[in-house]
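# Topology and contacts: notes
Take a look at the letters that make up each chain.
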Amino acid sequence: MSNLVLYRKYRPLNFAQVVNQEHIKTTLANAVANNRVGHAYLFTGPRGVGKTTLARIFARAINCTNRKGSEPCNECEVCKSFFEATSLDLLEIDAASHTGVDNIRELIEHLQFAPTKATYKVIIVDEVHMLSKGAFNALLKTLEEPPKHAVFILATTEINKVPATIISRTQKFDFKKVNMLDLIKLLKFVAGDNQVKINDNALMEIAAAADGSFRDGLSLLDQVINYADGEVTEELVEQVLGLTGIKTTAKFLDLIIDGKTQQAVNFISDLMSAGRDLYQFQKDFLEYLRKILLVKVGGTTDFGFSQEIQANLNAQANRVSLDRIMKVIQIFQKIESEIKWATIQSLPLELAAVEATEEENKEIASSVRSDDQSSVLPSTSRKDNGDKLNQIISYWPQILEKLKDYNHSLISSLKLAVPIAIVGKELILLFPYKFHKDAIEARKNRVVVDQVIEEVTGIKLMVKPELQKDWQGEEKEEKNETVQSALKIMGGEVSE
Ligand SMILES: [Zn+2]
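A brief structural summary. Since the structure is predicted, the reported quantities are computational estimates derived from the model, not experimental observations.

Conventions we followed
- Residues numbered from 1 in each chain as written.
- Predicted model: local features only at pLDDT ≥ 70, side-chain atom pairs only at ≥ 80, totals over all residues.
- Heavy atoms only, no water.
- Helix = DSSP H or I, 4+ residues; strand = E, 2+ residues; numbered from the N terminus.
- Buried < 20%, exposed > 50% of the residue type's maximum accessible area, 1.4 Å probe, protein only.
- Contact = heavy atoms within 4.5 Å.
- Areas by Shrake-Rupley, 256 points an atom, 1.4 Å probe, with all protein chains shown as cover.
- Salt bridge = Lys/Arg side-chain N within 4 Å of Asp/Glu carboxyl O.
- Axes fitted to C-alpha atoms, helices over the stretch in contact; angles between N-to-C directions.
- Parallel < 35°, antiparallel > 145°, perpendicular 65-115°, else oblique.
- Left-handed = near helix turned anticlockwise from the far one by under 90°.
- Nonpolar A, V, L, I, M, F, W, Y, C, P; charged D, E, K, R; others polar.
- Core = buried A, V, L, I, M, F, W, Y, C linked by side-chain atoms within 4.5 Å.
- Donors = N, O, S within 2.8 Å, 3.2 Å for Na, K, Ca; no water.
- Tetrahedral: all angles 85-135°; square planar, octahedral: opposite > 155°, others 65-115°.
- Pairing = 2+ DSSP bridges.
- Right-handed = clockwise from strand over helix to strand, strands pointing away.
- Arc of directions from axis to C-beta.

Assigned secondary structure in the protein consists of 24 helices and eight strands. Looking at the 496 residues of the protein, the share that counts as buried comes to 48%. Considering only residue pairs separated by 6 or more positions, the protein has 73% of its internal contacts joining residues 24 or more positions apart. For the protein, the computed accessible surface area is about 25,200 Å², with 50% contributed by carbon and sulfur atoms.

Enumeration according to the criterion identifies 21 salt bridges in this entry. Note that Arg47 and Asp216 form a salt bridge whose closest N and O atoms lie 2.7 Å from each other. Residue Arg47 is found in the loop between strand E1 (40-44) and helix H3 (51-63), and its partner Asp216 is found in helix H10 (residues 214-227); the two are separated by 169 residues along the sequence. On the accessibility criterion, Asp216 (9% relative accessible area) is buried. Across the salt bridge formed by Asp174 and Lys172, the nearest N and O atoms sit 3.4 Å from each other. Residues joined in a network through salt bridges with shared partners are Asp254, Asp258 and Arg319.

We now examine the packing of helix H12 (residues 246-257) against helix H15 (residues 307-319). Following both chains from N to C, one finds H12 and H15 inclined at 15°, their axes separated by 11 Å at the closest point. One finds that H12 runs roughly parallel with respect to H15. Along this stretch, H12 crosses H15, giving a crossing that reads as left-handed. On H15, the residues touching Ile246, Lys247, Ala250, Leu253, Asp254 and Ile257 of H12 are Glu308, Ile309, Asn312, Gln316 and Arg319. Here the contact of H12 with H15 is built from residues that sort into five nonpolar, two polar and four charged.

A few words on the nonpolar core. Within the largest apolar cluster, 104 residues are counted, with the highest numbers of intra-cluster contacts made by Phe43, Phe252, Ile256 and Phe332. Looking at this core element by element, the count peaks at eleven residues for helix H14 (residues 278-296). Apart from the residues within four sequence positions on either side, Phe252 is in contact with Ala264, Phe267, Ile268, Phe281, Phe285, Phe332 and Ala353.

Turning to the coordination of the zinc ion, a few remarks are in order. Distances from the zinc ion to its protein donors, namely Cys64 (SG), Cys73 (SG), Cys76 (SG) and Cys79 (SG), fall within the range 2.3 to 2.4 Å. Considering all four donor atoms around the zinc ion, angles at the metal cover 99 to 119° and the coordination shape is tetrahedral. Considered as a linear motif, the donors of the zinc ion on their single chain read C-x8-C-x2-C-x2-C. Of the two residues, Cys64 sits in the loop between H3 and helix H4 (77-83) while Cys79 sits in helix H4, which places them 15 residues apart along the sequence. By relative accessible area, Cys64 is classed as buried at 9%.

Our next topic: the environment of Lys9. Note that Lys9 resides in helix H1 (residues 5-9). For Lys9, a relative accessible area of 53% gives the class exposed.

Attention now goes to the sheet that holds strand E6 (residues 418-423). The strand order across the open sheet built from three strands is E6-E7-E8, with neighbouring strands paired in mixed fashion. Every interior strand has two partners, whereas the edge strands, E6 and strand E8 (462-467), have only one. Each neighbouring strand pair of the sheet contributes to a mean axis angle of 30°, computed without reference to strand direction. Each of strand E7 (426-431) and E8 is contacted by helix H22 (residues 434-441), which is oriented at about 160° to E8, the strand it contacts most.

On to the pairing of strand E2 (residues 90-94). Here E2 pairs with strand E3 (residues 121-126) via five bridges, running parallel. The residue of E3 that forms the bridge with Leu90 is Val122. Read as a crossover between parallel neighbours, the route from E2 over helix H5 (residues 101-111) to E3 is right-handed.

Let us now look at H22. Quick reminder: α-helices carry 3.6 residues per turn. Residues three or four places apart thus point the same way. Those residues of H22 that sit buried are His436, Lys437 and Ile440. For H22, the arc enclosing every buried residue in end-on projection is 100°, short of the 170-degree limit, so these residues lie on one face. Exposed residues pointing more than 90 degrees away from the buried face of H22 are listed as Lys434 and Phe435. Contacts made by the buried residues of H22 are with helix H21 (411-414), E7, helix H23 (443-457) and E8.

Before going further, it helps to examine the pairing of E3. For E3, the buried fraction is high: five of the six residues fall into the buried class. The sheet contact formed by E3 and strand E4 (residues 150-156) spans five bridges and is parallel. The residue bridging Val125 from the neighbouring strand is Leu154, located in E4. Where the polypeptide runs from E3 across helix H6 (residues 133-144) and back to E4, its parallel neighbour, the crossover connection is right-handed.

Structural data, given as structure tokens:
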């Protein structure tokens, strides 16, 4: 990604303009305001989330001769010379291209002299994990006994490659990926500021593709704007960036869930003829599946999606069992390296689509075969129950609202409940905590909830509260383990 015009233009110039990494910027700003400047800082986190930007703001702030509170003025002689990189008191090196011990020795020699105009000599070392062993040793010696006027800011995307001895000499700050909402807000502002018309879905597509990086987000926006003639739409974004778009990705999952083998395979060949990046599609699809998984296990649901897309995602999560989504994830995860090296790039995806849809067909077949067993519902009534469940979910806010007329104290408990399934005449509600589950379980309360649900939706059911962790029944332990390992593989978390 080379298009960095917008990224440079909209780089924050002071702490207040930084819209993410809230706790880091507050800690740094306080250090400036209280004149408690440390000798070594370590900024770790993914690329493009503001590590260098905050390092530079901090460097100016501690040296500015006309500081306002904790903010650099950006106009005094020192600030200007830092901006223009003409100051001898600010040294920025990229460890990726200066890995050797001599580079660090040079730095250290330079540090022996007092600052010329500034109060501190600031050394920013980007990608510090790239330093050689010798260079790290030389750096460590200086960090053990730093000159009084020296401030090191080390930045890295790979903290696991930085020696523990270095880490322990620094104040460490963990930068997080930028959340979707902050990214969308920034992209919207930048687009508006440049008189670019762009719709919300297009903004969301760019933000999703940027994957938590400001730099990538603005660089992608740059690329899209260059192609735009009039309003930027999601179709244009998908075309320019070779993306497959969240709606399209969601459609593919529908085909998989419904066991539509032929359409799913056609879907992949259509993507290929449309020139979409299939490797990227596989990654996007996995990311989408991960979100479904998170929703299913009661984890985070704040993905920054538009209401329409989030509602569709929730409905899909309800339509598919945990077991099945885990199987689909495994099927599509194992083809990752195959896609990269396949002679026919679409083939691994097509095979995965067949495998994943056949899985569903097997399930349907077996449930039809065992129609006579009362434990397995015939497929027609499975579908009816699915419709009812979706209806109840979509009316959930109204149900909570209505409940106020009857029993105000139940709402706080019921708010945490997730309607997860209908089994026979019972509506299963999952609760994260026993306390809330017990509150609803009391018979008199259950009856009230049943009544309200019927009043709002016209559907007559009996609620059955269950604890989230017990919901898997006897196979609970085994499944929880699988859920945990699946989440671990996909880098997700289950919030408590
Ligand atoms: Zn200044």
